[in-house]
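Letter by letter, the chains look like this.
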Amino acid sequence: MNTEEMYLSLKEKLNGIVPDIELRYKAELAVEINRLKEEKNAVILGHNYMEPVLFHSVTDIKGDSLELSRKAAITEKDIIVFCGVKFMAETAKILNPTKTVLIPSLAGCSLAASITAADVIALKKKYPGVPVVTYVNTYADVKAESDICCTSGNAVAVVESFESETIIFLPDEYLARNVAIETGKHIIFPSLERIPSTAETELDVQIIGWLGRCEVHEKYTVEDIANVRLEYPEVLILAHPECSPEVVAASDFSGSTSAMIKYIKQTSAPRYLLLTECSMADNVAAENPDKSMLRMCSVRCPHMNQITMENTLDSLKYNQHIIEIPEDIRVRAYNAVERMLRIG
Ligand code: 13P
Ligand code: SF4
């Protein structure tokens, strides 16, 4: 595809969503990225939060954390360029270690930063024998200390796979609270509450949580929802499970980023509001021109927004930034991620 063809195809998809001048400028970058991608036998994975032009012009595989992990595990290309945040690129390397995994910018995540491997080791010492379920929004050394990982797309299934056992669920406080509500389990946060006796642990406490938060999703409030409903009474509101349980309860649907996208495709409301990173609303609007999307773009993920067309091009040009994980950590992290993938 030449630049003019790329511009026209982007215009067809993103007209009215992205200014024309931006489409023209980025069409040129997209052509160069796709040319290099071919030349280097690379695949570009793009999380649902990527900005609309990048998302629609250069990504070969799009999806939520779970879908991208599955695809990263089986790609046969030599290079995986991960347009997402660092913990996601690490998961790709954990699952497919012989490939070169690149991330255009070493983008962080407030959840991944909220917990260290030493924290997990200390918790395991405090609660010996209690299995550790870790959200994929963590770094490889934290995953390596865990029994199994989960994503927002399978957290309930993973927790339920432990039947009646007590589990440690790390590090997202709100995801843990939402999973506890869905599974009817009692949750404690050791640093907030007195430590229960052994008998109480066995009888009462089924989830031991951690006080990590997503700096984006924690910002949405029940008041925001009430205000939107006042102005648009017919709106359908979708909240990511990293939002507080109060926000999830006040919404009409909660699920992973891809579950929200699917829900919008399958329903026909006059308007939708996504309580998640704002770029996703642009991507959904592009895929569903018949749907009307409201935006609350004051809340953005500064980490996901670090990934741009420019640094994606540089990533391919200069082989940067290479994701490396010490093999002993990778192998232990692999066990936790692979056990999750087996749950489905
Ligand atoms: P998903 O797994 O739902 O795509 O979410 C990842 C994420 O970082 C949400 O903030
Ligand atoms: Fe992390 Fe939240 Fe950004 Fe997702 S939206 S990458 S959880 S900070």
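Everything here concerns the structure above.
Residues numbered from 1 in each chain as written. Chains lettered and ligands numbered in written order. Predicted model: local features only at pLDDT ≥ 70, side-chain atom pairs only at ≥ 80, totals over all residues. Heavy atoms only, no water.

Participant: Please explain the site of ligand 2 as it appears in this structure.
Facilitator: If you check the shell around ligand 2, you find Tyr-49, Cys-109, Ser-110, Leu-111, Asn-137, Cys-214, Val-216, His-217, Glu-242, Cys-301, His-303 and Met-304 and nothing else. Class assignment for the residues of the shell around ligand 2 results in seven nonpolar, four polar and one charged. (Near = heavy atom within 4 Å. Nonpolar A, V, L, I, M, F, W, Y, C, P; charged D, E, K, R; others polar.)

Participant: What's the story with the site of ligand 1 in this structure? I'm lost.
Facilitator: Lining the immediate environment of ligand 1, one finds His-47, Tyr-49, Asp-64, Ser-65, Met-88, Asn-137, Ser-152, His-217, His-240, Glu-242, Ser-256 and Thr-257. Here an oxygen atom of ligand 1 and a side-chain polar atom of His-47 are 2.7 Å apart. Contacts to ligand 1 include Ser-65, whose side-chain N or O atom sits 2.7 Å from an oxygen atom. Protein chains bury 96% of the 300 Å² of accessible surface belonging to ligand 1 in isolation. Grouping the constituent residues of the shell around ligand 1 by class yields two nonpolar, eight polar and two charged. (Polar contact = N/O pair within 3.5 Å; in protein donor to acceptor, adjacent residues only side chain to side chain. Areas by Shrake-Rupley, 256 points an atom, 1.4 Å probe, with all protein chains shown as cover.)

Participant: In this structure, what is going on with the state of the cysteines? I would like to understand it.
Facilitator: Here a disulfide denotes one covalent bond, and it connects the sulfur atoms of two cysteines. Under the definition given, this model contains one disulfide. Each sulfur in the disulfide pair Cys-278 and Cys-297 lies 1.5 Å from the other. Pair noted here: Cys-278 is in the loop between strand 12 (271-275) and helix 14 (279-287) and Cys-297 is in the loop between strand 13 (293-294) and helix 15 (309-318), with a separation of 19 residues, a long-range link. Note on Cys-297: relative accessible area 35%, which makes it partly exposed. Between Cys-149, a free cysteine, and Cys-150, which holds the nearest cysteine sulfur, the sulfur-to-sulfur gap is 7.5 Å. You can call Cys-150 buried: its relative accessible area is 0%. (Disulfide = S-S within 2.5 Å. Helix = DSSP H or I, 4+ residues; strand = E, 2+ residues; numbered from the N terminus. Buried < 20%, exposed > 50% of the residue type's maximum accessible area, 1.4 Å probe, protein only.)

Participant: Help me understand the pattern of salt bridges in this model?
Facilitator: Side chains that differ in sign of charge can pair as their charged atoms come close. Applying the stated criterion to the full structure yields 20 salt bridges. Residue Lys-26 is joined to Glu-22 by a salt bridge in which the shortest nitrogen-to-oxygen separation is 2.7 Å. Placement of the pair is Lys-26 and Glu-22 together in helix 2 (residues 20-39), with a separation of four residues, close to one helical turn. Residue classification places Lys-26 among the buried positions, given a relative accessible area of 11%. On the basis of relative accessibility, which here comes to 27%, the residue Glu-22 falls in the partly exposed class. (Salt bridge = Lys/Arg side-chain N within 4 Å of Asp/Glu carboxyl O.)

Participant: Please clarify how the packing of aromatic side chains should be interpreted in this entry.
Facilitator: The relation between two aromatic rings is expressed through the spacing of the ring centres and the mutual angle of the planes. Tallied over the entire structure, the rule returns one aromatic pair. The interplanar angle of 15° and the centroid separation of 4.2 Å between the aromatic rings of Phe-253 and Tyr-263 together place this pair among those described as stacked. Here the residue Phe-253 occupies a position in strand 11 (residues 253-254), and Tyr-263 occupies one in helix 13 (residues 257-266), the gap between them amounting to ten residues. According to the relative accessible area criterion, Tyr-263 is partly exposed, its value standing at 21%. Against the face of Tyr-7 rests Arg-24, its NZ or CZ located 3.8 Å from the ring centre. Stacked on the ring of Tyr-139, the Lys or Arg Lys-86 has its end atom at 5.0 Å from the ring centre. (Phe/Tyr/Trp six-rings, centres within 6.5 Å; stacked < 30°, edge-to-face > 60°. Lys NZ or Arg CZ within 6 Å of the ring centre and 35° of its normal.)

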